[in-house]
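If you want the building blocks of each chain, they are given just below.
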Amino acid sequence: APFSTPPPSPSNDTYIETSAPFVSSNVTFIETEAVDFWGPKCTACPENRWCSGGLASLCPDENMLADESSDNVEDCYCRAGYYYTGFGSCELCPANMWCSGGDALPIECSPHAITPRGSNRTESCVCERGYFGPAGGPCSICPIASWCWGGVANPCGEHSTTAEEGASWPHDECFCEDGYYVPHS
């Protein structure tokens, strides 16, 4: 007889610890944490990998993510601040655009709004100097007698103005109205 005693029952499992998983190239060979008579104790594929045939593979680009229990390389998607370029790679979102991640293309900020590279939401778009408006836009040209920076319209000092719309710095563009001056001490 192949067994001298009956096999253990599922409620009386015996476990054998194995070594931790190891990585070769972009494939992680999954070794079960616990094995009993009934076979391996399988666990969900970890985040940022996809698993098939008992192997866990990294997503093809370091800027890609995958949800737990993913089973196909097509489950990998670009993280926010990146966009999918095809061929399994993600690129950093260009300046003056924002990228939500996934397979979405970069989205341009509203006119006269700017962002740094890698921005990941519309609120990252702020009005450029000389314009004002909420984060994400729209942006309007700075009115006369104001200077605008960071999307905020700031009034020039009392009895001062600007020569035209779009001022962006008080020291260069705000000046005293006729009949007023700046006393020097």
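Residues numbered from 1 in each chain as written. Predicted model: local features only at pLDDT ≥ 70, side-chain atom pairs only at ≥ 80, totals over all residues. Heavy atoms only, no water.

(A) Expanded view of the overall build of the protein. Broken down by element type, the protein carries 1 helix and 20 strands. Within the span of the protein, comprising 185 residues, buried residues form 29% of the whole. A sequence separation of at least 24 residues applies to 21% of the contacts in the protein between residues at least 6 apart. Carbon and sulfur atoms make up 55% of the accessible area of the protein, which totals about 11900 Å². (Helix = DSSP H or I, 4+ residues; strand = E, 2+ residues; numbered from the N terminus. Buried < 20%, exposed > 50% of the residue type's maximum accessible area, 1.4 Å probe, protein only. Contact = heavy atoms within 4.5 Å. Areas by Shrake-Rupley, 256 points an atom, 1.4 Å probe, with all protein chains shown as cover.)

(B) Seen up close, the packing of aromatic side chains. Here the structure, examined in full by the defined rule, presents 2 aromatic pairs. Taken together, a centroid distance of 6.3 Å and an interplanar angle of 70 degrees make the contact between W147 and W169 edge-to-face. A residue pair is termed long-range when its members are at least 10 positions apart, and W147 in strand β17 (residues 146-149) and W169 in the loop between β19 (160-161) and α1 (170-173) qualify at 22 residues. For W147, a relative accessible area of 19% translates into the label buried. Here W169 falls in the partly exposed class, since its relative accessible area comes to 32%. Ring centres 5.3 Å apart and planes at 55 degrees place the aromatic pair W149 and W169 in the tilted group. Separated by 20 residues along the polypeptide, W149 in strand β17 and W169 in the loop between β19 and α1 bring together distant segments of the chain. Connected via pairs of aromatic rings, a cluster forms that spans W147, W149 and W169. (Phe/Tyr/Trp six-rings, centres within 6.5 Å; stacked < 30°, edge-to-face > 60°.)

(C) Spatial organisation of the state of the cysteines. Using the criterion set out here, one finds 8 disulfides in the structure. A sulfur-sulfur separation of 2.1 Å characterises the disulfide bridge that pairs C78 with C90. Around the S-S axis, the bridge from C78 to C90 shows a dihedral of about -90 degrees and counts as left-handed. Of this pair, C78 sits in strand β8 (residues 77-78) while C90 sits in strand β10 (residues 89-92); the two residues are 12 residues apart in sequence, bridging distant segments of the chain. C174 provides the cysteine sulfur closest to C176, a residue in no disulfide bond, and the two sulfurs are 9.9 Å apart. Assessed through its relative accessible area of 27%, C176 is described here as partly exposed. (Disulfide = S-S within 2.5 Å.)

(D) Inspection of the environment of T85 at higher detail. For T85, the position within the fold is in strand β9 (residues 82-86). Each C-alpha atom, one on T85 and one on D103, is 8.4 Å from the other, the two residues being 18 residues apart in sequence. In contact with T85, not counting residues within four places along its chain, are C90 and E91.

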